[in-house]
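Close look at the chain arrangement
Listed here are the chains, written in short residue letters.
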Amino acid sequence: MAQNGNGGREHWGTRIGLVLAMAGNAIGIGNFLRFPGQAAANGGGAFLIPYFIALIFMAIPLMWLEWAQGRYGGVRGHGTTPGMFHLMWPHRLSKYLGVLGIFIPLVILIYYSYLASWTIGYSIYMVTDQLPKVQQQGITKEDLSALARGEFSEQLLAGLPIQRADVEAFIEQGNSSPAMTAFLEAIGVKSEQIPQLSREQRVEKLEAAIIKEKVVKPFDEARKRYAGGITAEGQPAGEILQVPTFTYVVFLGVFLFSLWVLARGVSGGIELLAKVGMPLLFVLAVMMVIRVLTLGHPVSESLGPLNGLAFLWEPKWYVERDGKEVFVLQDPKVWLAAVGQVFFTLSLGMGAIQCYASYLREKDDVALTGLSTTSANEFAEVVLGGSIAIPAAVTFFGIGATQLIASQGTFYLGFASLPPVFEFMPLGQVLGALWFFLLFIAAITSVMALAQPFVAFLEDEYGFSRGKAVATLAAVWLPSTHLCIFLSGSLDVMDFWAGTFFPPLFALFEIILLMWIFGGEKIWSELLQGAQIRPWRFFYYSAKYIAPLILLFVLGFWTWLNVIEPILQGTALQQGVEGQGVGWTVWVTRLYLIALFIGLALMVRVAFKRKFREATL
Amino acid sequence: MSMSGWIFMLSAWLFVGSLFVYCFARILFGGNNLAK
């Protein structure tokens, strides 16, 4: 274990190990599933304009500030933001603002580790052939080919609430029977929109609805069974989820593996995992990209991976909002999606970057190293992430169905829609297992980065040994994740607060503290210390003036969408701020999060009092 | 894919790809401390 003589803090063993560990922090499931879904739903290629503006004007400067702050704090014995904030702004409030830098990664760890266990669980499912089969529904590749030609075979219509007569009347004359209207409403087509659809659009909507109902639904139900949302008999589980033993055991395995890596330390555990895992992740991702891009036209001459890339990358300058066409760059929701994606993908505003950077030495470079991890993340997201899930789905299911799938969210795309795609590929079982293993590597390296701040806090501020700190983390982590495992909506409530709301707020605190209170010139000098590239001065001004404005826009518009608009529409009491209703499971989770925050704040208070007492003795 | 689709996709790939190659070449093959 590499240690210095200053407080016994560890250091990274090698620079490439640090870059890979930090890239592992940033690269997660979202790179491969969230980004393509967001891009597809928000203008395709046109989405890249707000995306890259947010990256250059906000994310890169903020990332550099977090790296510089982390090294500054680490050199002075603080690996987490309460201590760092206090060093930079010796006000009694500052350390409490810094509590967010432990709270956010800890809460994300609580639910994200459970999601990480799903990926390895699904990889095992693929190897052991536990998932449903499309062909068990009597559907073959020929049926998909017929569907791509606009023909609806008996096998595709069997068991659906619509009859062939409904289909013919709908396609040829545009007459929608009550059964057809209800069938289409289930995929979000409003009844008043139906008469305005062209023949081509009618075929596309019907194809999408049939793919969803006949091909993807069994896999979506398998996913819900895996997570305990529905029972083995197919009944809704209610507020207490009926989690299968396999799901639970796999989570325990991931939990114990994570503890083992964490207990081995920064260089001996986390760095080693990154050195093995990240190259493997890139190799697997490149293999998947090559496989997808060489699929050819297995279902129809008009459908191939290139159509998938076109679907993702062709700029769509107008998006539909509430039945109206809106220019994509004038739509605040597109900007919010782009800024949110950039934030989420680079793990900004969480306290995790500062913690990893705190294990640098005083003269170690942060400018080039930070930019390298950003570039690795962007490469994994824009080049690799955009070239797997969406092109594969389009090749087998067509544009309309893929559009519908992408709009249903990250886990629907990855866990419900891709397994049937693998079924139609040669060596699909192996490819499916590798795909979920790839997602597992992406997730487990992020789990380490999320766990480390709490461990570092206990080591630095309480003087705990590594083993004692990891054991304390385990004592908080394991019971907390049980809320996500067993309480309906709990995971989404945690994700809403720790994954969506608090990071931009915390980032705003950071920028104000670093650029305006501590001093922009001081933190910029800190960034340039030991730097192997000299960041343009433009980024300094961007960090000081533009990034806070972008963050204010995000927080303001987010508050409008999630709080003010639901209150004005009178829906706030039914759906709750988090969109998960206001049932007791939501309240238990909310109260738990409040208690956790207060608990951490008290720990910070006690630690600082102890240190102050020791210093004055 | 239309011309604009190709332009958007290849520009994005070129931007992040060249940044990735540049950074990792500098990390792996050295370079001196430039800050003075």
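Within any chain, residue numbers begin from 1 and follow the written order of that chain's sequence. Here the convention is simple: chains get letters from A, ligands get numbers from 1, in the order in which they are written. Totals for whole chains, interfaces and linings use all residues, but because this is a predicted model, local features are given only for residues with pLDDT of at least 70 and pairs of side-chain atoms are given and counted only at 80 or more. Excluded from the side-chain calculations are hydrogens and water; all other atoms, namely the structure's heavy atoms, are used.

1. Regarding the environment of Gln135(A)
All names here are of chain A. We count it as follows: A run of H or I in DSSP becomes a helix once it reaches four residues, and a run of E becomes a strand once it reaches two; helices and strands are each numbered from the N terminus. Any two residues whose heavy atoms approach within 4.5 Å at even a single point are treated as in contact.
Along the chain, the position of Gln-135 falls in the loop between helix H6 (100–127) and helix H7 (141–148). Put simply, Gln-135 and Val-215 are 80 residues apart on the chain and 9.1 Å apart in space, counted from C-alpha to C-alpha. Those residues in contact with Gln-135 that lie beyond four places of it in its chain are Glu-423 and Phe-424.

2. Here we look at helix H25 (residues 584–616) of chain A
Residues and elements named next belong to chain A. The criterion, for reference: For a helix, the expected span equals 1.5 Å multiplied by the residue count minus one. Burial status follows relative accessibility: with a 1.4 Å probe on protein chains alone, a residue under 20% of its type maximum counts as buried, one over 50% as exposed, and anything between as partly exposed.
With 33 residues, H25 should reach 48 Å at 1.5 Å per residue; the first-to-last C-alpha distance of 48 Å fits that figure. Of the residues making up H25, those classed as buried are Thr-585, Val-586, Thr-589, Arg-590, Leu-593, Leu-596, Leu-600, Ala-601, Val-604, Ala-607 and Phe-608. For H25, the secondary structure elements touched by its buried residues are helix H4 (81–88), helix H5 (94–97), H6, helix H20 (428–462), helix H21 (466–486) and helix H22 (490–528).

3. Section: the environment of Val586(A)
Residues and elements named next belong to chain A. The topology assignment puts Val-586 in helix H25. Sequence separation between Val-586 and Tyr-356 is 230 residues; the distance between their C-alpha atoms is 33 Å. Each residue touching Val-586, except ones within four places of it in the same chain, is listed here: Val-493, Glu-578, Gln-580 and Gly-581.

4. Description of the confidence of the model for chain B
All names here are of chain B. What counts here: The predictor rates its confidence in each residue with pLDDT, a number between 0 and 100.
Across chain B, the average pLDDT comes to 83, with 83% of residues at 70 or higher. In the model, residues 32–36 has pLDDT below 50 throughout and makes 14 contacts with residues more than four positions away in sequence or in other chains. Scoring the predicted complex yields pTM 0.92 and, for the interface, ipTM 0.90.

5. Description of the interface of chain B and chain A
Note on interface size: it is often stated as the accessible area lost on association of the parts. Under the convention used in this document: Computed with a 1.4 Å rolling probe, the buried area is the accessible surface lost when two parts are put together, summed over both parts. For this analysis, a salt bridge means a side-chain nitrogen from Lys or Arg found within 4 Å of a carboxyl oxygen belonging to Asp or Glu. Amino acids outside the nonpolar list (Ala, Val, Leu, Ile, Met, Phe, Trp, Tyr, Cys, Pro) and the charged list (Asp, Glu, Lys, Arg) are all regarded as polar, and Gly is one of them.
Each partner contributes residues to the interface: chain B has 27 residues there, and chain A has 35 residues. Across the interface of chain B and chain A, roughly 2,500 Å² is buried in total on both sides, 78% from carbon and sulfur atoms. Three residues stand out in chain B for area buried against chain A, namely Phe8(B), Trp13(B) and Ile27(B), and they jointly supply 25% of the buried area on that side. At the surface where chain B touches chain A, the tally comes to zero salt bridges. Among the residues making up the side of chain B that touches chain A, the classes are represented as 17 nonpolar, eight polar and two charged.

6. Quick look at H6(A)
Residues and elements named next belong to chain A. This is how the line gets drawn: In this scheme, the bend at a residue equals the angle between the axes fitted to the seven residues that finish there and the seven that begin there.
An ideal rise of 1.5 Å per residue puts 40 Å on 28 residues; H6 measures up with 40 Å between its terminal C-alpha atoms. The largest bend along H6 reaches roughly 30° and is located at Ile-110. Burial of H6 is extensive: 26 of the 28 residues sit out of reach of the surface. Residue Asp-129 follows H6 closely and has a positive phi angle near 60°.

7. Here's the deal with the packing of aromatic side chains
Residues and elements named next belong to chain A. Here is the rule we go by: A pair of aromatic rings is counted whenever rings of Phe, Tyr or Trp (Trp by its six-membered ring) have centres within 6.5 Å, and the orientation is called stacked for planes under 30 degrees apart, edge-to-face for over 60 and tilted otherwise.
A complete count under the given rule lists 53 aromatic pairs over all chains for this structure. For the ring pair Trp-497 and Phe-501, a centre distance of 5.5 Å and an interplane angle of 90° mean the geometry is edge-to-face. One end of the pair, Trp-497, and the other, Phe-501, are both in helix H22, four residues apart, so they sit about a helical turn from each other. Taking the relative accessible area as the measure of exposure, Trp-497 reaches 22% and is therefore partly exposed. Assessed through its relative accessible area of 16%, Phe-501 is described here as buried. Between Trp-524 and Tyr-540, the aromatic rings sit 5.7 Å apart at their centres with planes inclined by 75°, giving edge-to-face as the arrangement. Of the two residues, Trp-524 sits in helix H22 while Tyr-540 sits in helix H23 (residues 537–569), which places them 16 residues apart along the sequence.

8. Structural notes on the nonpolar core
For clarity, the cut-off: The set of buried Ala, Val, Leu, Ile, Met, Phe, Trp, Tyr and Cys residues whose side-chain atoms join them within 4.5 Å is what this entry labels a nonpolar core.
Judged by nonpolar contacts, the single largest core of 239 residues is most densely connected at Phe32(A), Leu206(A), Phe282(A), Phe397(A) and Trp435(A). Here this core gets 22 residues from one element, more than from any other, and that element is H20(A). Contact partners of Phe282(A), with chain neighbours within four places excluded, come to Ile27(A), Ala376(A), Phe379(A), Ala380(A), Leu384(A) and Phe20(B).

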